[in-house]
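Summary of the model geometry
One-letter residues, chain by chain:
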Amino acid sequence: MFIILQEALRLFHRKYPPHQVSSVDVAVIKMASQHKTTQILHKVYFPDDTDEAFEVESSTRAKDFCHNIATKLMLTSSEGFSLFVKIADKVISVPEGDFFFDFVRHLTDWIRKARPSRDGQPPSFTYQVFFMKKLWTNTVPGKDRQADIIFHYHQELPKLLRGYHKCSEEEASILAALIYRVKFGDNKAGLANIPRLLRELVPSDLVKKQSPDDWKRGIITHFNKNGGMSPEDAKIEFLKVIYKWPTFGSAFFEVKQQTEPQYPEILLIAINKNGMNLIDPKSKDILATHPFTKISNWSSGNTYFHTTIGNLVRGSKLLCETSLGYKMDDLLTSYISLMLTNMNRQKTIKK
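Residues numbered from 1 in each chain as written. Predicted model: local features only at pLDDT ≥ 70, side-chain atom pairs only at ≥ 80, totals over all residues. Heavy atoms only, no water.

**Considering the packing of aromatic side chains**
For the coordinates displayed, the defined rule picks out 16 aromatic pairs. When the ring of phenylalanine 46 is compared with that of phenylalanine 151, the centres are 5.8 Å apart and the planes differ by 80°; the resulting orientation is edge-to-face. With phenylalanine 46 in the loop between β2 (37-45) and β3 (51-55) and phenylalanine 151 in helix α4 (residues 145-161), this pair connects stretches of sequence that are 105 residues apart. According to the relative accessible area criterion, phenylalanine 46 is buried, its value standing at 4%. The class for phenylalanine 151 is buried, based on a relative accessible area of 0%. Ring centres of phenylalanine 54 and phenylalanine 65 lie 6.5 Å apart, and the angle between their planes is 65°; this geometry places the pair in the edge-to-face category. (Phe/Tyr/Trp six-rings, centres within 6.5 Å; stacked < 30°, edge-to-face > 60°. Helix = DSSP H or I, 4+ residues; strand = E, 2+ residues; numbered from the N terminus. Buried < 20%, exposed > 50% of the residue type's maximum accessible area, 1.4 Å probe, protein only.)

Okay, here's the thing in structure tokens:
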């Protein structure tokens, strides 16, 4: 611990003392002194249900941590990726400029203060660290094979199955055949069980649009067309289908709104590289798309997310009830920050 203190003194601009490796840090799997150095290996979880341990120093910033993970996984770039800390009922993105352990310390302290103590004892929390794609601005299926296989497919699949996208029955059959191939490869033995697997293959809002046997016939037809395709290639083909949709790479939020009478009370909001999309949750039609350049103000709290579109004085306001306002706030902030960074970079190049 003395060596960590020396490191903290050298990096005097850290906000907090070094984070104590304690019972709250169940994700820290090793701390060993070797040759007068302290090594901390931190477990990081990925969307494909795998995990790896990465060395983290007391001076490691989130951006550097992301770069180290991307390098070890042989990703083309760490652009758009982020670390997320899951603690209690929250999943919170780590700002790239923050020292990783500073953020964890701040977050655990904040959660402790927000939760009541039991029998005079402060509540203890465990946390997990995830590494995922957050900003999909430059994501093109096939451009980064490793990212497609480990991250993009596994992050997009649940959104499809929850019925968030506007998807035709034909497209659903094509995608279901690819999902089956990811699960079982070229093995045809499980095709007879497709009626029992529909919830794992077809968007939830489309399952009852056809009989189980009709879905089975359509899925087998498309499965046979892709004979010999590997599960990895099936993941990329799956992404190429969804990439054509305006909702590809979106984070979806179901909210309740009463400020805009032309929109349904229950609204689906998709935040992606195009901006903030307002979607009818039943028809999946996009009712409006507000580019980031038109969003002038936004705020969030434990139960709400508010945004102003257009001029601050004459613009329209959308007031939403949601428990995920903090996520929507963070995504808007991150996408707009990236947009401004790219704009400034282009201006510099022109000069």
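**Observations concerning the nonpolar core**
In terms of nonpolar packing, the biggest core is built from 55 residues, with Leu201, Val202, Ile219, Phe238, Ile269, Ile271 and Met276 touching the most fellow members. For this core, the leading source of residues is helix α5 (residues 169-184), giving eight residues. The residues touching isoleucine 219, leaving out its near neighbours within four places in the chain, are Ser173, Ala176, Ala177, Ile194, Leu198, Leu201 and Val202. With 31 residues, the next largest nonpolar core counts Ala62, Ala70, Phe101 and Phe103 among its residues. (Core = buried A, V, L, I, M, F, W, Y, C linked by side-chain atoms within 4.5 Å. Contact = heavy atoms within 4.5 Å.)

**What to know about the packing of α4 against α5**
When two helices pack together, their arrangement is given by the angle between the helix axes and by the axis-to-axis distance. Following both chains from N to C, one finds α4 and α5 inclined at 135°, their axes separated by 13 Å at the closest point. Taken together, α4 and α5 sit at an angle that is classed as oblique. The two elements α4 and α5 cross, and the hand of that crossing is left-handed. On α5, the residues that touch Tyr153, Leu157, Leu160 and Leu161 of α4 are Leu175, Ile179 and Val182. (Axes fitted to C-alpha atoms, helices over the stretch in contact; angles between N-to-C directions. Parallel < 35°, antiparallel > 145°, perpendicular 65-115°, else oblique. Left-handed = near helix turned anticlockwise from the far one by under 90°.)

**Here's the deal with the pairing of strand β4 (residues 81-87)**
With respect to burial, β4 is a largely interior element, six of its seven residues being buried. Across seven bridges, the pairing between β4 and strand β6 (residues 127-133) is antiparallel. Paired with phenylalanine 84 across the bridge in β6 is phenylalanine 130. As judged from the four bridges shared by β4 and strand β5 (residues 90-93), these two strands associate in the antiparallel manner. Within β5, the residue paired with phenylalanine 84 across the bridge is serine 93. Here β4 folds back onto β5, and the loop between the two strands holds two residues, one of which, alanine 88, carries a positive phi near 55°. (Pairing = 2+ DSSP bridges.)

**Points about helix α9 (residues 325-350)**
The periodicity of an α-helix, 3.6 residues per turn, causes residues three or four positions apart to be oriented the same way. Taking 1.5 Å per residue, 26 residues should reach 38 Å; α9 reaches 38 Å between its end C-alpha atoms and fits that length. Of all the residues in α9, the buried ones are Gly325, Met328, Asp329, Leu331, Leu332, Ser334, Tyr335, Ile336 and Leu338. Contact partners of the buried residues in α9: β7 (251-257), β8 (266-272), β11 (295-300) and β12 (304-309). (Expected span 1.5 Å × (residues − 1).)

**Description of the confidence of the model for the protein**
In this model, the protein carries an average pLDDT of 88, and 86% of its residues clear a pLDDT of 70 or more. Within the model, the stretch residues 1-12 combines pLDDT values under 50 with 14 contacts to residues more than four positions away or in other chains. Counted against residues more than four places away or in other chains, residues 20-29, with its pLDDT under 50, gives 28 contacts. (pLDDT = per-residue confidence, 0-100.)

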